[in-house]
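Summary of the model geometry
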Amino acid sequence: VFLRTRLLGLSGLRRTSRMDSAEEARLQREQLERYLRWQKEEGGIEGPTHIETMFSPEQQQRLAWIKEHCKGSVMELGCGYGFVLAFCGGQIGVDYNPHSILLAHILNPRKIFIEADIRKLPFPDGFVDTVVFADCLEHLPWNDVSIAIAEGLRVCREKILISTPNSDYGSRTSASFKHQFLLTQPKFEDLLNMLSSLKVNYVRNYFWVLIEAKKT
C-alpha cells in the first residue's frame, strides 16, 4: 500500500490519544444525540443545502479538489440536488431522498439521478471510473460507513473520492446536527484502515478531510 499525505492550513493536528478515549466517546455520544433529536423533531428528511453555502471559500476549496480528482465517468453517492455532480461534470447521482432526486432532475435534466440506498447500489461491478462521496458518509451510522465504501469500490473501476468535515478542530461544519458521527482522529484512522488495501492520498485542513483511494 502506498500512502502519501499532505496537510493544508494549520499544522500539528490535535491527535487523540488512548488516554482521551472517554472524551472521544462523550463527543461521539453527544453528536449522535443531536442527530437523534433532529430526527425525532423534524423527521430526519434533509432539505437542500442553501446555494450560497456552496460559494463560501471553504466549500469552493473542497469542490475544486473533487473536480480536479474526478477522472472518466463519475457517479456521486449522496448527491442531494446534484450541485457537486454538476460542478464536477459527473454523469450519475444517487440519493435515498426522493425530494432531492426530484429537484435534481429539474435542475440537471441531462444527468441521471436515481433514488437508491448507497449501501446497496443497483449497478454492476465496475460501472463507472470514479465514485464520489461528497460530504455523505457522516450522514450514515458509523457502522454502515464500511458498507457504503465497499459498495462504492465495487461499482468503480479506478477510485473513490471522499470529502467529509474534519472534526479535530471543532468547526461548525463538522458538528452539524445532521451528522451521525464526528470524524475525529480515531475515526479518521479507522477510515484509513477501511482503505488499507488501496493506494491512498489525503488532505487534511481546518475544515475538510479529502481522500483519494485508487484501486491500482
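Source: prediction; values computed, not measured.

1. A look at the packing of helix 5 (residues 142-155) against helix 6 (residues 185-194)
Packing of helix 5 against helix 6 leaves a shortest axis separation of 10 Å and a crossing angle of 30°. Judged by the inter-axis angle, helix 5 sits roughly parallel to helix 6. Considering only the axes of helix 5 and helix 6, their crossing is right-handed. The residues of helix 6 that touch helix 5, namely those facing W142, V145, S146 and I149, are K187, D190, L191 and M194.

2. Some details on the side chain of N108
In this structure, N108 sits in the loop between helix 4 (98-107) and strand 4 (112-115). Leave out the neighbours within four places in its chain, and N108 touches Y81, G82, A86 and F113.

3. A short note on unusual backbone geometry
A positive phi angle is found at D135, which is not glycine, with a value near 50°. By secondary structure assignment, the location of D135 is in the loop between strand 5 (128-134) and helix 5.

4. Focus on the nonpolar core
Of all hydrophobic cores here, the largest spans 35 residues; its most connected members are I118, F133, I149, I160, L195 and I211. Elements that contribute at least two residues to this core include exactly strand 2 (74-77), strand 3 (92-95), strand 5, helix 5, strand 6 (156-165), helix 6, strand 7 (199-204) and strand 8 (208-214). Tallying contributions element by element places helix 5 first for this core, with 6 residues. I149 has contacts with F133, L137, I160, I162, L191, M194 and L195, leaving out every residue within four places of it along the chain. One finds W65, F83, V84 and L210 within the second-largest nonpolar core, a separate group that totals 16 residues.

5. A closer look at a nonpolar patch on the surface
The grouping of L102, I106 and L107 at the surface amounts to a nonpolar patch, some 320 Å² of accessible area in total. Structurally, the position occupied by L107 is in helix 4. Here L107 falls in the partly exposed class, since its relative accessible area comes to 48%.

6. Section: helix 4
Among the residues making up helix 4, those that are buried are S100, I101 and A104. Considered in projection along helix 4, the buried side chains sweep an arc of 100° and stay on one side of the axis. Within helix 4, the exposed residues directed more than 90 degrees away from the buried face are H99, L102 and I106. Among the residues of helix 4, the N-terminal cap falls to N97, whose side-chain oxygen and the backbone nitrogen of H99 are separated by 2.9 Å.

Rules behind the numbers
- Residues numbered from 1 in each chain as written.
- Predicted model: local features only at pLDDT ≥ 70, side-chain atom pairs only at ≥ 80, totals over all residues.
- Heavy atoms only, no water.
- Axes fitted to C-alpha atoms, helices over the stretch in contact; angles between N-to-C directions.
- Helix = DSSP H or I, 4+ residues; strand = E, 2+ residues; numbered from the N terminus.
- Parallel < 35°, antiparallel > 145°, perpendicular 65-115°, else oblique.
- Left-handed = near helix turned anticlockwise from the far one by under 90°.
- Contact = heavy atoms within 4.5 Å.
- Core = buried A, V, L, I, M, F, W, Y, C linked by side-chain atoms within 4.5 Å.
- Buried < 20%, exposed > 50% of the residue type's maximum accessible area, 1.4 Å probe, protein only.
- Patch = residues over 30% accessible without salt bridge, like charges linked within 9 Å, V, L, I, M, F, W, Y side chains within 5 Å.
- Areas by Shrake-Rupley, 256 points an atom, 1.4 Å probe, with all protein chains shown as cover.
- Salt bridge = Lys/Arg side-chain N within 4 Å of Asp/Glu carboxyl O.
- Arc of directions from axis to C-beta.
- Polar contact = N/O pair within 3.5 Å; in protein donor to acceptor, adjacent residues only side chain to side chain.

Purely geometric numbers; function is a separate question.
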